[in-house]
Amino acid sequence: MNIDFFNSVKVLSGKDCFKNYADFGRWGKKAVIVCGKRSARLCGALDHAIAGLTGCGVEYLIFDRVEPNPLVSTCHEGGRIAREAGADFVIGIGGGSPLDAAKAVAAFAANPDFEPEDIYTKPRKPALPLLAVNTTAGTGSEVTPYSIMTVPSLENKKSFAGDDLYAKVAFLDPAYTLSLPLDQTYATAVDALCHAVEGYFMKKANPVSDALAEKCIPMLCEGMRRVLAGDLGFDTRELLLYASSMAGMVISRTGTGFVHSTGYMLTYYHGLSHGHANAYFLADFVGFMSRENPIRAEKVFALCGVKDSEELWRFLGACPAMPLGHVFDADLADKYAARTITVKNVGNAVSVITEPELRDILRKRCV
């Protein structure tokens, strides 16, 4: 047993924690703000960033071209723009896509000779400093060292990682999540739940990551039940946001398993949101892990407030805006199982699934 753990992110939380931040000058004289077209403006975070930077005498430019499941080429372009503008640091505002993109922009800005896919294969110089402003309660990207982008040549999403990708400061203001509609709120919460549960069954799990998982799993499930009951108020948003950040701390230690790897297929080929895609596989992930880890699986079911994997499946699919209906046929199930089984993190679980076993899960749920 060991308690090895590292997470270098300074977390600031509570209403107006970002709006009132006045230390931007510490990170340099010019910032690039990375965000999407809409959400950062809608929730008010972009206005707060501009006001704060201006008040500190820090110049800025806005790179707002980040699409859902950002393309590696988009992030490469953002890095070029940041570098040519002389940016000293990056501010990422949004959910997982803008925050992951901000990490990549920070890395590409520091590595001028890189072509887009070099980020996965070549040694690199450390990324520019990053400040992360989370506007969803799900991805945990604000406290992880991972950046996940869509790579068309692979027809899939792919991550790169490094301690330099940890944000210097993460801002958790639940008010920024108030503008999220019900389906996005529920889907991002499912994603966070997957982080905590998958991390609980990874080989790198230890008492520290376990403690975080055991704390945040019931918080996330309570928040999801509130959402299903129509409660989208501040207290629910706060519960989900803080729990999702703790779940992000879990995977910063453990990584994720086949739920995420298989879920990427539904996102890339079928357009499902990341959390919606993961929901298809989490219940059977726990059911599979229960074969060799029954005590841990029973603990997870209890923390979720369900009795078994079938009840967990029904809970995850209880949101009318996020149905777990038919998505692909048996042939695609076989294809996706074959693709998933080659991904490195599938082997990081305490019980490693085989291709036939994964194929059976996909056929069971999606045909």
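Up top you'll find the structure we're talking about.
Conventions we followed
- Residues numbered from 1 in each chain as written.
- Predicted model: local features only at pLDDT ≥ 70, side-chain atom pairs only at ≥ 80, totals over all residues.
- Heavy atoms only, no water.
- Helix = DSSP H or I, 4+ residues; strand = E, 2+ residues; numbered from the N terminus.
- Rg over C-alpha atoms; globule rule 2.2 N^0.38 Å.
- Buried < 20%, exposed > 50% of the residue type's maximum accessible area, 1.4 Å probe, protein only.
- Contact = heavy atoms within 4.5 Å.
- Areas by Shrake-Rupley, 256 points an atom, 1.4 Å probe, with all protein chains shown as cover.
- Pairing = 2+ DSSP bridges.
- Axes fitted to C-alpha atoms, helices over the stretch in contact; angles between N-to-C directions.
- Salt bridge = Lys/Arg side-chain N within 4 Å of Asp/Glu carboxyl O.
- Phe/Tyr/Trp six-rings, centres within 6.5 Å; stacked < 30°, edge-to-face > 60°.
- Arc of directions from axis to C-beta.

Draft legend 1. Examining the overall build of the protein chain more closely. Within the protein chain, the regular secondary structure consists of 14 helices and eight strands. Relative to the 2.2 N^0.38 estimate, which gives 21 Å for 367 residues, the radius of gyration of the protein chain is 20 Å and therefore close to what a compact globule would have. If you line up the protein chain on its principal axes, its C-alpha atoms span 60 × 45 × 40 Å. Out of the 367 residues belonging to the protein chain, those deemed buried represent 57%. Put simply, of all contacts in the protein chain between residues at least 6 apart along the chain, 79% involve residues at least 24 apart. For the protein chain, the computed accessible surface area is about 14,200 Å², with 52% contributed by carbon and sulfur atoms.

Draft legend 2. The sheet that holds strand 1 (residues 10-13), seen in detail. Here we have six strands laid out as an open sheet, ordered 1-8-5-4-2-3, and parallel in their pairing. Each end of this open sheet is capped by a strand with a single partner; those strands are strand 1 and strand 3 (59-63). Neighbour-to-neighbour, the strand axes of the sheet open up by a mean angle of 20°, direction not taken into account. Across the face of the sheet, helix 4 (residues 96-109) comes into contact with strand 2 (30-34), strand 4 (89-94) and strand 5 (130-134) while running at roughly 165° to strand 4.

Draft legend 3. Summary view of the pairing of strand 8 (residues 169-172). The two faces of strand 8 match: V169 and F171 on one face and A170 and L172 on the other face are all buried. Pairing analysis gives four bridges linking strand 1 to strand 8, with the strands arranged parallel. Bridge pairing links K10 to V169 in strand 8. Of the pairings in the sheet, the one linking strand 5 to strand 8 comprises three bridges and is parallel in character. Across the sheet, the residue bridging to L131 is V169, located in strand 8.

Draft legend 4. Local environment of the pattern of salt bridges. Scanning the model with the defined rule gives 16 salt bridges in all. Measuring nitrogen to oxygen at the nearest pair gives 3.4 Å for the salt bridge that ties D118 to K122. As a salt-bridge pair, R359 and D334 come within 3.8 Å of each other at their nearest N and O atoms. Linking R359 in helix 14 (residues 355-366) with D334 in helix 13 (residues 330-340), this pair joins segments that are 25 residues apart in sequence. Each of the salt bridges in this network shares a partner with another, and the network as a whole consists of R65, E77, R80 and E84.

Draft legend 5. Here's a closer look at the packing of aromatic side chains. Counted by the stated rule, this structure contains 15 aromatic pairs. Between Y120 and F160, the ring centres sit 6.3 Å apart and the planes meet at 85°, which makes this aromatic pair edge-to-face. Within this pair, whereas Y120 is found in the loop between helix 4 and strand 5, its partner F160 is found in strand 7 (residues 156-161), the two being separated by 40 residues in sequence. Comparing Y120 with F160, the two get one shared label, buried. Considering the side-chain rings of Y268 and Y269, the 5.1 Å spacing of their centres and the 80° angle between planes classify their relative orientation as edge-to-face. For Y268, a relative accessible area of 29% corresponds to the partly exposed category.

Draft legend 6. Local environment of helix 11 (residues 294-304). Turning to helix 11, its buried residues number three or more, namely A297, V300, F301, L303 and C304. Along the axis of helix 11, the buried positions cluster into a sector of 165°, meaning they face one direction only. Turned more than 90 degrees off the buried face of helix 11, the exposed positions are I295 and A302. Buried residues along helix 11 sit against helix 5 (182-200), helix 6 (207-228), helix 10 (282-289) and helix 12 (309-316). Two residues or fewer past helix 11, G305 is found with a positive phi of approximately 75°.

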